[in-house]
Amino acid sequence: MATQEYIRKIEVRGLWNVCDLVWELSPEVNILSGSNGSGKSTVLRCLSDLFTRGAVSAGHRCRMRSIKVEFADGRRAGSDHPFDPAAFHVAVISTFDTTLQESEAIYKLSDGTVATYLDWELYRLQNRYLTYQLEVGKRVIAALQAGRTMEDITSLTTRRTQYFDIIDALLEATGKRVDRESDTLQFRTQYGTMISPHQLSSGEKQILIILTTVLIQSGRDFILIMDEPEISLHFDWQRRLIDDVRTLNPNLQLILATHSPALVMNGWTDRVTEISDIVHPMAE
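All residue numbers here refer to positions counted from 1 along the written sequence of the relevant chain. Restriction of local features to residues with pLDDT of at least 70 applies here, the model being predicted, together with a cutoff of 80 or more for giving and counting side-chain atom pairs; totals for whole chains, interfaces and linings are based on all residues. Excluded from the side-chain calculations are hydrogens and water; all other atoms, namely the structure's heavy atoms, are used.

A. Fine view of the overall build of the protein chain. Only DSSP runs of H or I reaching four residues or more are called helices, and only runs of E reaching two or more are called strands; each is numbered from the N terminus. Looking only at helices and strands, one finds eight helices and 13 strands in the protein chain. Our radius of gyration looks at C-alpha atoms and nothing else; its globule reference is 2.2 Å times the residue count to the power 0.38. Its C-alpha atoms give the protein chain a radius of gyration of 20 Å, near enough to 19 Å, the size a compact globule of 284 residues would have. Taken along the three principal axes of its C-alpha coordinates, the protein chain extends 65 × 45 × 35 Å. For the exposure calls, accessible area comes from a 1.4 Å probe over protein chains only, and a residue counts as buried if that area is under 20% of its type's maximum, exposed if over 50%, partly exposed in between. A buried classification covers 50% of the 284 residues belonging to the protein chain. Note on contacts: a residue pair is in contact if any heavy atoms of the two residues lie within 4.5 Å. A fraction of 65% describes how many contacts in the protein chain between residues 6 or more apart in sequence connect residues 24 or more apart. Accessible surface is estimated by sampling points in the Shrake-Rupley manner with a 1.4 Å probe; for residues, cover comes only from the protein chains shown. When the accessible surface of the protein chain is split by element, carbon and sulfur atoms take 50% of a total near 13,700 Å². Computing the positive centroid from 30 side-chain charges and the negative centroid from 37, the protein chain places the two 3 Å apart. In this tally Asp and Glu are treated as negative and Lys and Arg as positive; neither His nor the chain ends contributes. The location of each charge is read from NZ of Lys, CZ of Arg, CG of Asp or CD of Glu.

Here it is in structure tokens:
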């Protein structure tokens, strides 16, 4: 990853009005762990607020005095001054499948397909996925017109093929497969019928959102923030999650909080930071 594209340090002042926190991050995988009530989810949710709203929400702001983020290139962002999060290549994924407060209006807008948060995320991702598919198609056509070799042309679709292969492997036990011929996200069941992403289970929707978010970055440097991504995921899916994400994009910086030991079983234990090790008495 280019050194300017990752978060180097996160500082929190007045966490629960009790302590301060300083978390030094690596450019690759960063996992925050701790007991219930230790503050790890609070830190991740305030961080998520920054890069979705440009400010910490009132509901989370009452849990800390301030949060500041420093990037490797020296850029800074924080809760003291609102900013435009679009200036940073950061994606935030929430995995809690709650009913949307605006469910009636969104239900009508989406022709009855959206009722929960995961449905809404899938609904928004569909257009971005279609754009990604069209971009890949244009690159393949341009390569064919330029007389590029089949090896060069195949390389343009390698990441998309990896995405299909990963999802098919995850869904194998249920007999579902991605419809690779469709420009939108569709699935074929073992009985030959087609279903939409909104007909999947919560865990299937969740993993699809994570993997599709990574795919459509097209291998670019970016930062992915997730709070407790293990929710609703099968044990084996938890165990392979980090590897699957990094297969699709080795250039991302991953920042997550978790309770699950399964997430770090594939060689990521050295990337775990216990929150009790990075907090200290609150400065006056």
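B. Here's a closer look at the sheet that holds strand β7 (residues 177-178). Here, any two strands with at least 2 DSSP bridges between them count as paired. Reading across the sheet, the three strands line up as β7-β8-β9 and stay open at both edges, with antiparallel pairing between neighbours. The open sheet has two edge strands with one neighbour each: β7 and β9 (194-195). The sheet contact formed by β7 and strand β8 (residues 187-188) spans two bridges and is antiparallel. Across the sheet, residue valine 178 finds its bridge partner in β8, namely phenylalanine 187.

C. Geometry of the environment of glutamate 230. Inspection of the secondary structure assignment puts glutamate 230 in the loop between β10 (222-227) and α8 (235-248). Along the chain, glutamate 230 and histidine 259 lie 29 residues apart, while their C-alpha atoms are 8.1 Å from each other. Throughout this description, a polar contact denotes any pair of N or O atoms lying within 3.5 Å of each other; where both atoms belong to protein, one of them has to be capable of donating a hydrogen while the other can accept it, and for residues adjacent in sequence the pair is counted only when both atoms sit in side chains. At 3.0 Å, the side chain of glutamate 230 forms a polar contact with the backbone nitrogen of histidine 259.

D. Local environment of the nonpolar core. Core analysis: the largest hydrophobic core is formed by 47 residues, its most contacted members being Tyr163, Leu211 and Leu224. For this core, the secondary-structure elements that each account for two or more residues are β3 (29-33), β6 (90-94), α4 (117-145), α6 (158-171), α7 (202-215), β10, α8 and β11 (252-258). The element that contributes the greatest number of residues to this core is α4, accounting for eight residues. In contact with tyrosine 163, other than residues within four places in its own chain, are Tyr129, Leu185, Leu208, Leu211, Thr212, Leu215 and Leu248. Each nonpolar core is a collection of buried residues, namely Ala, Val, Leu, Ile, Met, Phe, Trp, Tyr and Cys, held together in the definition by side-chain atoms within 4.5 Å. Core analysis: the next-biggest nonpolar cluster, separate from the first, contains 30 residues, Ile67, Val90, Ile223 and Ile275 among them.

E. Structural context of the packing of aromatic side chains. By convention, a stacked pair of Phe, Tyr or Trp rings (six-membered ring in the case of Trp) has centres within 6.5 Å and planes under 30 degrees apart, an edge-to-face pair has planes over 60 apart, and any other such pair is tilted. Tallied over the entire structure, the rule returns eight aromatic pairs. Taking 6.2 Å as the distance between ring centres and 85° as the angle between the ring planes, the aromatic pair formed by phenylalanine 51 and phenylalanine 71 counts as edge-to-face. Note that phenylalanine 51 is positioned in helix α1 (residues 40-53) and phenylalanine 71 in strand β4 (residues 66-71), a separation of 20 residues in sequence. Considered together, phenylalanine 51 and phenylalanine 71 belong to a single accessibility category, that of buried residues. Taking 4.7 Å as the distance between ring centres and 15° as the angle between the ring planes, the aromatic pair formed by phenylalanine 71 and phenylalanine 88 counts as stacked.

F. Highlighting the confidence of the model for the protein chain. Summary of the metric used: pLDDT quantifies the predictor's per-residue confidence within the range 0 to 100. Per-residue confidence for the protein chain gives a mean pLDDT of 89, with 91% of residues at or over 70. Long-range and interchain partners of residues 97-108, a stretch whose pLDDT sits below 50, account for 21 contacts in this model, where long-range means more than four residues apart.

G. Examining the pattern of salt bridges more closely. By salt bridge we mean one thing: a side-chain nitrogen of Lys or Arg within 4 Å of a carboxyl oxygen of Asp or Glu. Counted by the stated rule, this structure contains 18 salt bridges. Its salt-bridge partner being arginine 177, residue aspartate 168 comes within 3.2 Å of it at the nearest N-O pair. Bridged by salt links that share partners, the residues Arg8, Glu24, Glu70 and Arg76 form one connected network.

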